[in-house]
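# Chain and residue survey
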Amino acid sequence: MCGIVGYTGREAAAPIVLNGLSKLEYRGYDSAGVAVFNEAENDIDIVKTKGRLKNLLEKTDSGKAMPGGCGIGHTRWATHGAPSEKNAHPHCSDDKMVVMVHNGIIENYQELKDKLLRKGYAFYSETDTEVIPNLIDYYYKDDLFEAVVKATSKLEGSFAIGVIAKNEPNKLIAVRKDSPLIVGLGKDESFIASDIPAVLNHTRDVYLLEDKEFAILTPNG
Ligand code: GLU
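These notes cover the structure that comes with them. Being a predicted model, the structure only gives us computed values, none of them experimental.

## So, the site of the ligand
Around the ligand, the surrounding shell holds 14 residues, and the nearest of these are Arg76, Thr79, Asn103, Gly104 and Asp128. In this structure, an oxygen atom belonging to the ligand sits 2.8 Å away from a side-chain N or O atom of Asn103. The contact in question runs from a nitrogen atom of the ligand to an N or O atom on the backbone of Gly104, over 2.8 Å. For the ligand, whose accessible area on its own is 300 Å², the fraction buried by protein is 99%. Listing elements by their share of the shell around the ligand, those giving two or more residues are strand E4 (70-76) and strand E6 (98-106). A class-by-class count of the residues in the shell around the ligand yields three nonpolar, nine polar and two charged.

## Some remarks on the sheet that holds strand E3 (residues 43-50)
On the basis of which strands lie adjacent, the open sheet formed by seven strands has the order E3-E2-E4-E1-E10-E9-E11 and antiparallel pairing. Looking at the sheet topology across the chains shown, the edges are occupied by E3 and strand E11 (206-208). In this sheet, adjacent strand axes meet at a mean angle of 15° when their direction is disregarded. Here six bridges tie strand E1 (residues 3-9) to E4, and the two strands are oriented antiparallel to one another. In the strand pairing of E4, Gly6 is matched with Ile72. Most of the contacts of helix H1 (residues 13-22) go to E1, to which it runs at about 150°, and overall it touches E1, strand E2 (31-38), E4 and strand E10 (189-193).

The rules we used
Residues numbered from 1 in each chain as written. Predicted model: local features only at pLDDT ≥ 70, side-chain atom pairs only at ≥ 80, totals over all residues. Heavy atoms only, no water. Near = heavy atom within 4 Å. Polar contact = N/O pair within 3.5 Å; in protein donor to acceptor, adjacent residues only side chain to side chain. Areas by Shrake-Rupley, 256 points an atom, 1.4 Å probe, with all protein chains shown as cover. Helix = DSSP H or I, 4+ residues; strand = E, 2+ residues; numbered from the N terminus. Nonpolar A, V, L, I, M, F, W, Y, C, P; charged D, E, K, R; others polar. Pairing = 2+ DSSP bridges. Axes fitted to C-alpha atoms, helices over the stretch in contact; angles between N-to-C directions. Contact = heavy atoms within 4.5 Å.

Laid out in structure tokens, this is it:
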């Protein structure tokens, strides 16, 4: 178990994501991280830490040090690789174009990793998760949604994932299989989360994603 929260909208994403993660602490975790699309720098900032969410709040000035209206956050319960900053999510593709969080276990990750290594991708963590952003990057031409659909069709195991990409600011793609994920809709803002309490401060308009159902979230819906 662990927690995922994502936000795209008019507010600053990081404080909302961090607050949402605090509502998911009951699920247990050993490390945490957050990624936000920084419009001024046209880049995705990632901050991660081992241990409590409190450490992440300190590192990011409660999210205020990470400007931007689109972000994803994660509390990790390690299954592959030790609890460490390096193994904490979000993970990004080798070229830093695709950034994502994952809850679950990718059973065929070694096979996928070997294929990606042969195609020249480098890996920096010990997680099963890191194959996902690289696989999405591999399939990415000009449509993030299409690339996520192709990449997730190759995954065996369980996953709830939230994905953002440098080329498609303010868009968040989500999908789940055998791991929980909900979508929340507010006024000019959209959310994903592992469980409803994470978004209740912002909206009661909540939709439970079905298995293998995808969501494309923008500030408009
Ligand atoms: N299997 C992934 C990892 O070890 C995700 C763990 C989780 O669900 O928190 O990083």
